[in-house]
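Structural overview
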Amino acid sequence: MNPAAVEPFHAMAISRAAHAMESAGQSVIHMEFGQPSTGAPPAAIAAAHASLDADAGGYRESPALRARIAAMYAERHGVAVDPERIVLTGGASPALTLALAALFVPGDAIAFVRPGYVAYRNGILALGRVPVEIAADASTRFQMAARHVLALNPAPAGIIVASPANPTGSMIPAADMAALAAAARGRSIRIISDEIYHGLTYGEPAHSMLEFAPDAIVINSFSKYWSMPGWRLGWVVAPPGTADHLRAYIGSLFLTPPSLAQAAALVAMDETPVLQAYHDTYRRNRALLLAALPAMGVTRIAPPDGAFYIWADVGDFTNDSMDFCQRLLADTGVAIAPGIDFDPVDGHRFVRLSFAVSTDRAAEAMARLGAWLQKGAPA
Ligand SMILES: Cc1ncc(COP(=O)(O)O)c(C=O)c1O
């Protein structure tokens, strides 16, 4: 067995318990995963039906989808990307695995911030690379900054950044991203930029790391903005000269992502009005939670710039976020994620609420949480 200390994703245990309650007939509101409740845009679903009728499917990467994704970098970011550099994967998770496996070697140190997405630490460990956690605080909105990169000694082989980030939803302003890219370049550190929450921002649009570091390894997916997590489709923008190398690895690790998902995703990419409506729901939910949580005594929350999460300090109510989430679920049917998934050091007093649900469900969750906290989060 691989001796790497890969911790379970604790939100999975919450989710399993939540589904068991639902099967037993109880009313549950799922806010534990960053999983849009909306489903794929209807035109994408229709395209999938048509594809099933007309096409046997198979092991292939859609050239049309690669070209469409490449065009998105030109449209959104003014960056020219050769479609050959778009390597399709079964989501951002395989994209990250592929990047770590093919572009780093065992023993390479890879730095990322805490709090951060759980799979960074675990994926790095599982592949025999070495995780280096940077404790980020409110001064950089829990993001990595150039000064962190310059202070790392020795220089790691790579860094992972995400803007917007999970679990905080915070973003890196353009000037800071440029400084970060320059600091990494100066120390020959490869950048993995996880851009999975692009498209889901509430103020300024997100910048791609490709604008500042043309050789960054960018990963992205259809799971969030396009509301297609179960379709398992994403991509890596391979740094120039590495696409063949990545394809050699993907051929051995995963072959190709589902052809059905590729047919649907190509259509989803142009369903802007539908996607805008999903985004409007998140915007409403964000405002609702930002008003409701302080009113119930959860005051230490940072308004997210993007994604669909609130990272909330519940230290006034608990010192054990997993126990807090289990009791909240059992008492109210509201499922949220414990902070220990994202921050092994301070996460015991944080929780993450995903607001990728309908506004009715978000409002009902706030009513249940508020009543429960008023009783003092009873044990
Ligand atoms: C920051 C981040 N990266 C990657 C992923 C993996 O997404 P997927 O494999 O569904 O594309 C997630 C999922 O929640 C995430 O939050």
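Look up: the structure comes first, before these words.
Our subject in this report is the structure included herewith.

About the thresholds
- Residues numbered from 1 in each chain as written.
- Predicted model: local features only at pLDDT ≥ 70, side-chain atom pairs only at ≥ 80, totals over all residues.
- Heavy atoms only, no water.
- Near = heavy atom within 4 Å.
- Polar contact = N/O pair within 3.5 Å; in protein donor to acceptor, adjacent residues only side chain to side chain.
- Patch = residues over 30% accessible without salt bridge, like charges linked within 9 Å, V, L, I, M, F, W, Y side chains within 5 Å.
- Areas by Shrake-Rupley, 256 points an atom, 1.4 Å probe, with all protein chains shown as cover.
- Salt bridge = Lys/Arg side-chain N within 4 Å of Asp/Glu carboxyl O.
- Helix = DSSP H or I, 4+ residues; strand = E, 2+ residues; numbered from the N terminus.
- Contact = heavy atoms within 4.5 Å.
- Phe/Tyr/Trp six-rings, centres within 6.5 Å; stacked < 30°, edge-to-face > 60°.
- Buried < 20%, exposed > 50% of the residue type's maximum accessible area, 1.4 Å probe, protein only.
- Lys NZ or Arg CZ within 6 Å of the ring centre and 35° of its normal.

This brings us to the site of the ligand. By nearness alone, 13 residues border the ligand, and Ala92, Ser93, Asp194, Tyr197 and Ser223 come closest of all. The contact in question runs from an oxygen atom of the ligand to an N or O atom on the side chain of Ser93, over 2.5 Å. Between the ligand and Asn166, the relevant distance is 2.8 Å, taken from an oxygen atom to a side-chain nitrogen or oxygen of the residue.

Below, the discussion takes up a nonpolar patch on the surface. On the surface, Tyr249, Leu253 and Phe254 cluster together into a nonpolar patch covering about 260 Å² of accessible area. In this structure, Leu253 sits in helix 8 (residues 243-253).

Right, let's talk about the side chain of Thr359 for a bit. In this fold, Thr359 is placed in helix 12 (residues 359-374). Of note is the side chain of Thr359, whose polar atom sits 2.7 Å from the side chain of Asn285. Beyond its immediate chain neighbours, meaning those up to four positions away, Thr359 contacts Thr281, Arg284, Asn285 and Leu288.

Taken as a whole and assessed by the stated rule, the structure comprises 15 aromatic pairs. When the ring of Tyr117 is compared with that of Tyr120, the centres are 5.5 Å apart and the planes differ by 85 degrees; the resulting orientation is edge-to-face. Between Phe324 and Trp372 the ring centres are 5.2 Å apart and the planes differ by 75 degrees, which places this aromatic pair in the edge-to-face class. Here Trp372 lies in helix 12 and Phe324 lies in helix 11 (residues 321-332), a separation of 48 residues in the sequence. The buried category is assigned to Phe324, whose relative accessible area is 1%. Taken together through their ring pairs, the aromatic side chains of Tyr197, Tyr282, Phe308 and Tyr309 make up a single cluster. We note Arg76 situated over the ring of Tyr225; from NZ or CZ to the ring centre the distance is 5.4 Å.

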